[in-house]
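# Reading the structure
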Amino acid sequence: MGSQDSIVYVVDDDIRIREALRELFTSLKISFATFGSVAEYLAYTKSDLPACLILDVKLPDISGLDFQRQLGDSYHPPIVFITGHGDIPSSVRAIKAGAVDFLPKPFSQRDLMTAIEAAIARDRRARQEQADRTQLQRRYASLTPRESQVLPLIVSGLLNKQAAAELGISEVTLQIHRSRIMQKMEAGSFADLVRMAGQMQIPIERRKQQ
């Protein structure tokens, strides 16, 4: 897995665990940073790379589970919990809240690396999806006010003449707007445009064709 295009963060107050993971990640050429507390982790300037957060359950300032709860829906690297005090309710709580895995100490290198790889893969997908959404919103912002009115009508299934009637414009004018929308949204097909509208959650009212 050795790579410089991702990073693993470790938060554990046990220096022996941190040293062991430093040695492991160094040998595998994995970028990493270790911390003895959540406060240290929060104060650290993080790289803009796909990441994994290895988080101990028992920490001096706040428990790992409470920290996970505080993070809520805000962006954070996918979490892999490690603990010497694991129990089924805690593991269930962690996984339900989105943790990738919950590993009791001592854990095997194989189990740890499998969890880390899954976490980084998840973060990489999330980052790509966010980048795609950002690009999509940028394209949408380039539409004129009129084009923004045309878009939900045409993706709702209305014929051109019906959409034109809704807006009080000619069918030819509607077709011009439609063509420009396709170009600005970089839609390869009408199906692509419908998918984009769905991703942006553009309100679509389906009207009965007449």
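Cut-offs used in this document
- Numbering of residues starts from 1 in every chain and runs along the sequence as written.
- In view of the model being predicted, local features appear only for residues whose pLDDT reaches at least 70, and side-chain atom pairs are presented and counted only at 80 or more, with totals across whole chains, interfaces and linings using the full set of residues.
- Hydrogens are left out, water is left out, and the side-chain values use all remaining heavy atoms of the structure.
- Secondary structure elements follow DSSP: runs of H or I no shorter than four residues count as helices, runs of E no shorter than two count as strands, and numbering proceeds from the N terminus.
- Note on method: radius of gyration uses C-alpha positions; expected globular size equals 2.2 Å times residues raised to 0.38.
- Under the scheme applied here, a residue whose accessible area is under 20% of the maximum for its type counts as buried, over 50% as exposed, and between as partly exposed, the area being computed with a 1.4 Å probe on protein chains only.
- In this analysis, two residues are considered to be in contact whenever any of their non-hydrogen atoms come within 4.5 Å of each other.
- Areas reported here follow the Shrake-Rupley algorithm with a probe of radius 1.4 Å; residue values treat only the protein chains shown as occluding.
- The pLDDT value expresses, per residue, how confident the predictor is, ranging between 0 and 100.
- Lines fitted to the C-alpha atoms define the axes, with helices restricted to the stretch that makes contact. Angles between their N-to-C directions range from 0 to 180 degrees.
- Roughly parallel means an angle under 35 degrees; roughly antiparallel means over 145; roughly perpendicular covers 65 to 115; every other angle is labelled oblique.
- Residues were grouped as follows: Ala, Val, Leu, Ile, Met, Phe, Trp, Tyr, Cys and Pro as nonpolar; Asp, Glu, Lys and Arg as charged; and all remaining residues, including Gly, as polar.
- If you view the pair so one helix is near and one far, a crossing is left-handed when the near helix is turned anticlockwise from the far one by less than a right angle, and right-handed when it is turned clockwise.

A count of helices and strands for the protein chain gives nine helices and five strands. Tracing the protein chain from N to C terminus, the helices and strands come up as β-α-β-α-β-α-β-α-β-α-α-α-α-α. What you see for the protein chain is a C-alpha radius of gyration of 24 Å, clearly larger than the 17 Å of a compact globule of 210 residues, by over 25%. Based on the C-alpha atoms only, the size of the protein chain along its principal axes is roughly 75 × 35 × 30 Å. Across the 210 residues that make up the protein chain, the buried fraction comes to 41%. Contacts spanning at least 24 positions in sequence make up 65% of the contacts within the protein chain whose residues lie at least 6 apart. Just so you have it, the protein chain exposes about 11,800 Å², and 51% of that area is on carbon and sulfur atoms.

Quick look at the environment of glycine 198 now. Here glycine 198 shows up in helix H9 (residues 190-199). In the structure, glycine 198 is positioned 43 residues away from valine 155 in sequence and 9.3 Å away in space, judged by C-alpha atoms.

So, on to the confidence of the model for the protein chain. Detailed conclusions should not be drawn from predicted coordinates in areas where pLDDT is low. Per-chain confidence: the protein chain averages 92 in pLDDT, with 95% of residues scoring 70 or above. Averaged pLDDT values for the elements of the protein chain fall to 85 in helix H4 (residues 88-96) and rise to 97 in helix H8 (residues 171-184).

Close contact between helix H6 (residues 145-155) and H8 brings their axes to 9 Å; oriented N to C, the two are set at 90°. Viewed along their axes, H6 and H8 adopt a mutual orientation that is roughly perpendicular. In contact with Arg146, Glu147, Val150, Leu151 and Ile154 of H6, H8 contributes Leu174, His177, Arg178, Arg180, Ile181 and Lys184. Tallied by class, the residues present in the contact of H6 with H8 amount to five nonpolar, one polar and five charged.

Attention now goes to the packing of helix H3 (residues 64-71) against H4. Where H3 meets H4, the axes come as close as 10 Å, and the angle between the chain directions of the two elements is 20°. Classified by the interaxial angle, the pair formed by H3 and H4 is roughly parallel. In the crossing of H3 with H4, the sense of the turn from one axis to the other is left-handed. Of the residues in H4, those in contact with Leu65, Asp66, Gln68 and Arg69 of H3 are Ser90, Arg93 and Ala94. In the contact of H3 with H4, the residues fall into two nonpolar, two polar and three charged.

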